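Listed below, chain by chain, are the residues.
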Amino acid sequence: MNINSFTVSTKGEPIQQKVIDTRNLTEEDLKTLRKQDPFLYFSIPAVRTATLLSRDVDMASLQGGQCS
């Protein structure tokens with residue numbers, strides 16, 4: 001029995017990280033971000049925490065990192 005094997009690389013090209021300054025986001029900006037890039041939106045710590053706690057996102061908390 002002859003078995004051929006090969007290796008498949010699982011590491012791709014480096015991914016560019018997005019950094020977003022939430023201090024200047026308006027409520028409208030957040031709504032747009034949620035629609036255009038939900039992964040980035042939910043990776044904002046205050047948004048993620050509020051979501052996990054079933055609370056509304058407090059715009060002021062985006063500066064302080066807390067949820068309402």
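Thresholds, definitions, all that
- Residues numbered from 1 in each chain as written.
- Predicted model: local features only at pLDDT ≥ 70, side-chain atom pairs only at ≥ 80, totals over all residues.
- Heavy atoms only, no water.
- Helix = DSSP H or I, 4+ residues; strand = E, 2+ residues; numbered from the N terminus.
- Buried < 20%, exposed > 50% of the residue type's maximum accessible area, 1.4 Å probe, protein only.
- Contact = heavy atoms within 4.5 Å.
- Areas by Shrake-Rupley, 256 points an atom, 1.4 Å probe, with all protein chains shown as cover.
- Core = buried A, V, L, I, M, F, W, Y, C linked by side-chain atoms within 4.5 Å.
- Phe/Tyr/Trp six-rings, centres within 6.5 Å; stacked < 30°, edge-to-face > 60°.
- Arc of directions from axis to C-beta.
- pLDDT = per-residue confidence, 0-100.

When helices and strands are tallied, the chain shows 4 helices and 0 strands. Helices (α) and strands (β) of the chain occur, in sequence order from the N terminus, as α-α-α-α. Classification of the 68 residues of the chain by burial places 19% in the buried group. Within the chain, contacts between residues at least 6 apart in sequence are counted, and of these 18% link residues at least 24 apart. Carbon and sulfur atoms provide 51% of the accessible area of the chain, an area that totals close to 6200 Å².

Below, the discussion takes up the nonpolar core. Generally speaking, nonpolar side chains in soluble globular proteins are found buried as a group. One finds Leu-25, Leu-30, Leu-33, Leu-40, Tyr-41, Ile-44, Ala-46, Val-47 and Leu-62 forming the largest nonpolar core, which totals 9 residues. Among all residues touching Val-47, those that are not within four sequence positions of it are Tyr-41, Phe-42, Val-57 and Leu-62.

Attention shifts here to the packing of aromatic side chains. Two descriptors summarise a pair of aromatic rings, namely the distance from one centre to the other and the angle between the planes of the rings. Taken as a whole and judged by the stated rule, the model has 1 aromatic pair. Both rings, one in Tyr-41 and one in Phe-42, keep their centres 4.8 Å apart while their planes meet at 85 degrees; by these two values the pair is edge-to-face. Tyr-41 gets classed as buried once you look at its relative accessible area, which sits at 7%. On the accessibility criterion, Phe-42 (30% relative accessible area) is partly exposed.

The set of residues buried in helix α3 (residues 45–52) consists of Ala-46, Val-47 and Ala-50. Angular distribution of buried residues about the axis of α3 spans 100 degrees; they occupy a single face of the element.

Turning our eyes to something else, we now look at the confidence of the model for the chain. In the predicted model, the chain carries a mean pLDDT of 78, and the fraction of residues at 70 or more is 87%. Looking at the elements of the chain, mean pLDDT is at its lowest for helix α4 (residues 61–64), recorded as 61, and at its highest for helix α2 (residues 38–42), recorded as 89. Segment residues 64–68: pLDDT under 50, and 11 contacts once partners within four positions in sequence are set aside and those in other chains are kept.

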